[in-house]
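# Structural overview for review
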Amino acid sequence: MKYVEQVKSIILTLLVGLSLILTFAIWSYTPPYQVIEESQVEQITIGEHKSIEDVIQPYRILLSQDNQFSGTISSTLIDNVMTTLSKVRATELDFIQSNLSDVKINSMVGANNRITLFFQSEVPINIFKSILEFTQSDLPEISFSHLVIDWGKFNQTNTLQLLFVSEQNRTLYTTDIALSNDYFNSTFNDLFKDAIKYEEITRNNKLSLYVPSNPVELAKYTYYIDEVSPERFKEILFKDTNIVKKNIESATSSKYTDAMSFMTSDTKTKIINYVYPTSESINDIKGSTLLQESFDFVNEHGGLTGDYRYVYRNVPKHITEYQLFLRGVPVFSSITSTRITTIWGDNQIFSYRRPYFKLDMAIPSERAVRQLPSGVEVAKWVQNIQDIDDIIVGYYLTGSEIDEKLYTLEPSWFSIQDGSATRITPESLGGAGYGLE
């Protein structure tokens, strides 16, 4: 009997040890789970992705030399200058002056040996640094409307001085870039040779206007258009398309809604308008942040479905606009929109309005050269010339009564005021102007 207790103790010890072994095995066991790869959501796009440099473009270059003006709107000549700026490095940005007067700005543009790049809206320097590299990493939150290039001392120093002039903020900042003789010649010789004669239209205590001295020749085009279905925008803009409802509002308009947002589409004007009401924001935002957020939103789905360029902003209201251009010339219309407009909200889009057509293919047989009167003559027609911001050549887009897929682009003169364009024709003078998009 004395061995029975020993045997029990041995068995109990074995059972406890086995229990510990099994417990450890359970704790440390990792079953061969099958790895489930995260599914990739296919991004919906309606066009090619672009760089922000593609939308930051001057609309005119003006030269002042030997007390005379010449200029160009040629995309090729403008691209040459912008490409050169993208390949050099600028010194630190220096603050020079605030409270610039219109007279002072006119004198800077009109001084000899100057090239001025005109932008249609203030360009944040923290966006422009994606084109022109600076030696300093921390740039001030400033913007400019005119970039004046002074080559007066180039022959002695091989440097160009850049003057960043803000019409809105009345500030002047400068920097320098170094350039070789060969680079200077390859960039500017064609500009000096091909620029046409311009004249300055002076105004009392206002910025001058600069227009071609002679009649302007520009081709008229007729294009077939392509369309991006509003259904594609529904897929892009709504978070859950399964709960989106479509209501027919009229013969030409429809409305898409979910619990939080809505989108309207119009088949006559070929415009969609998306609004996310609860994201509306009046918070302060930096100008550079506003432009970057707007561009990223549109570009993410390939929304720049043509040569759209940044032309307008209203920072307090969070508005950014991009204008359609054709062959370096802005396109305006009264039958549709040729602008993409975004209103940025609380860390997301609040409003997005745009055309859903795009220019597809020109009809060669419909091309014809038109001759427009000189800018000097047109300036004489404009009765409110003291109030406008500029006079420019553009295309006036109209539809066809025969085929709704055909759009004609007719060269015309336009006046610009507060971001809106008015077509200048002898028939329109003397009456109230009308805004074009």
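The shown structure was predicted, so the numbers you read here are calculated from the model rather than taken from an experiment.

The rules behind each value
Residues numbered from 1 in each chain as written. Predicted model: local features only at pLDDT ≥ 70, side-chain atom pairs only at ≥ 80, totals over all residues. Heavy atoms only, no water. Helix = DSSP H or I, 4+ residues; strand = E, 2+ residues; numbered from the N terminus. Buried < 20%, exposed > 50% of the residue type's maximum accessible area, 1.4 Å probe, protein only. Areas by Shrake-Rupley, 256 points an atom, 1.4 Å probe, with all protein chains shown as cover. Pairing = 2+ DSSP bridges. Core = buried A, V, L, I, M, F, W, Y, C linked by side-chain atoms within 4.5 Å. Contact = heavy atoms within 4.5 Å. Axes fitted to C-alpha atoms, helices over the stretch in contact; angles between N-to-C directions. Parallel < 35°, antiparallel > 145°, perpendicular 65-115°, else oblique. Left-handed = near helix turned anticlockwise from the far one by under 90°. Nonpolar A, V, L, I, M, F, W, Y, C, P; charged D, E, K, R; others polar. Phe/Tyr/Trp six-rings, centres within 6.5 Å; stacked < 30°, edge-to-face > 60°. Lys NZ or Arg CZ within 6 Å of the ring centre and 35° of its normal.

### Remarks on the overall build of the chain
Looking only at helices and strands, the chain has 9 helices and 26 strands in total. Out of the 437 residues in the chain, the part that is buried amounts to 47%. Accessible surface for the chain amounts to roughly 22800 Å². Of this, 49% is attributable to carbon and sulfur atoms.

### Some remarks on unusual backbone geometry
If you check the backbone angles, Arg170 has positive phi at about 60° while not being a glycine. Among the structural elements, Arg170 can be located in the loop between β8 (159–166) and β9 (171–178). With phi around 60°, Lys270 is a residue other than glycine that occupies positive phi space. Counting through the fold element by element, Lys270 comes out in the loop between β15 (262–266) and β16 (271–275). The exposure class of Lys270 is buried, given its relative accessible area of 4%.

### Brief notes about the pairing of strand β12 (residues 216–227)
In the sheet, β12 pairs with strand β23 (residues 368–372) via 5 bridges, with the strands oriented antiparallel. Looking across to β23, one finds that Val216 is bridged to Leu372. Sheet topology places β12 next to strand β25 (residues 406–417); 4 bridges connect them, and they run antiparallel. Note on β25: the bridge partner recorded for Tyr224 is Leu406. Strand direction decides the pairing type here: β12 and strand β22 (residues 357–362), joined by 5 bridges, are antiparallel. Counterpart to Glu227 in the pairing with β22 is Phe357.

### Things to note about the nonpolar core
Within the largest apolar cluster, 95 residues are counted, with the highest numbers of intra-cluster contacts made by Ile56, Leu117, Phe128, Phe164 and Ile391. Here the element with the most residues in this core is β12; it accounts for 6 residues. Apart from the residues lying within four places of it in its own chain, the contact partners of Leu117 are Pro58, Arg60, Ile61, Val81, Met82, Leu85, Ser145, His146, Leu147 and Ile149. The next biggest cluster of nonpolar side chains, apart from the first, holds 22 residues, and it includes Tyr59, Phe69, Ile105 and Tyr396.

### Examining the pairing of β8
Counting buried residues in β8 gives 6 out of 8 residues, a clear majority hidden from the surface. When strand β7 (residues 143–150) meets β8, the two strands line up antiparallel, connected through 5 bridges. Bridging from a neighbouring strand, Val148 pairs with Leu163 of β8. Sheet topology note: the β8/β9 ladder contains 8 bridges and is antiparallel. Bridge pairing links Leu162 to Thr175 in β9. Hairpin geometry of β8 and β9 is characterised by an intervening segment of 4 residues between the two adjacent antiparallel strands and by a positive phi of about 60° at Arg170.

### Thoughts on the packing of helix α2 (residues 75–85) against helix α6 (residues 181–194)
Running from N to C, α2 and α6 cross one another at 155°; their axes reach a closest spacing of 10 Å. With respect to their mutual orientation, α2 and α6 come out roughly antiparallel. Pair α2 / α6 crosses with left-handed handedness. Along the contact surface, α2 presents Leu77, Asn80, Val81 and Thr84, while α6 presents Tyr183, Thr187, Phe188, Asp190, Leu191 and Asp194. Taken together, the residues of the contact of α2 with α6 sort by class into 5 nonpolar, 3 polar and 2 charged.

### A short note on the environment of Lys193
By secondary structure assignment, the location of Lys193 is in helix α6. For Lys193, a relative accessible area of 60% corresponds to the exposed category. Linking Lys193 and Ser70, residues 123 residues apart in sequence, is a C-alpha distance of 10.0 Å.

### Focus: the packing of aromatic side chains
Throughout the structure, instances matching the rule amount to 21 aromatic pairs. Both rings, one in Phe188 and one in Phe192, keep their centres 6.3 Å apart while their planes meet at 25°; by these two values the pair is stacked. Of this pair, Phe188 and Phe192 both sit in helix α6, 4 residues apart, which is roughly one turn of that helix. Residue classification places Phe188 among the buried residues on the basis of a relative accessible area of 2%. Among the residues examined, Phe192 registers a relative accessible area of 27% and is labelled partly exposed. Ring geometry for Phe297 and Tyr352: centres 4.9 Å apart, planes at 85°, overall edge-to-face. Of this pair, Phe297 sits in helix α8 (residues 287–300) while Tyr352 sits in strand β21 (residues 349–355); the two residues are 55 residues apart in sequence, bridging distant segments of the chain. By the ring-pair criterion, three or more aromatic residues cluster together here, those being Phe119, Phe128, Phe134, Phe144 and Phe164. Across the ring face of Phe118, the terminal group of Arg60 is positioned such that the distance to the ring centre comes to 5.0 Å.

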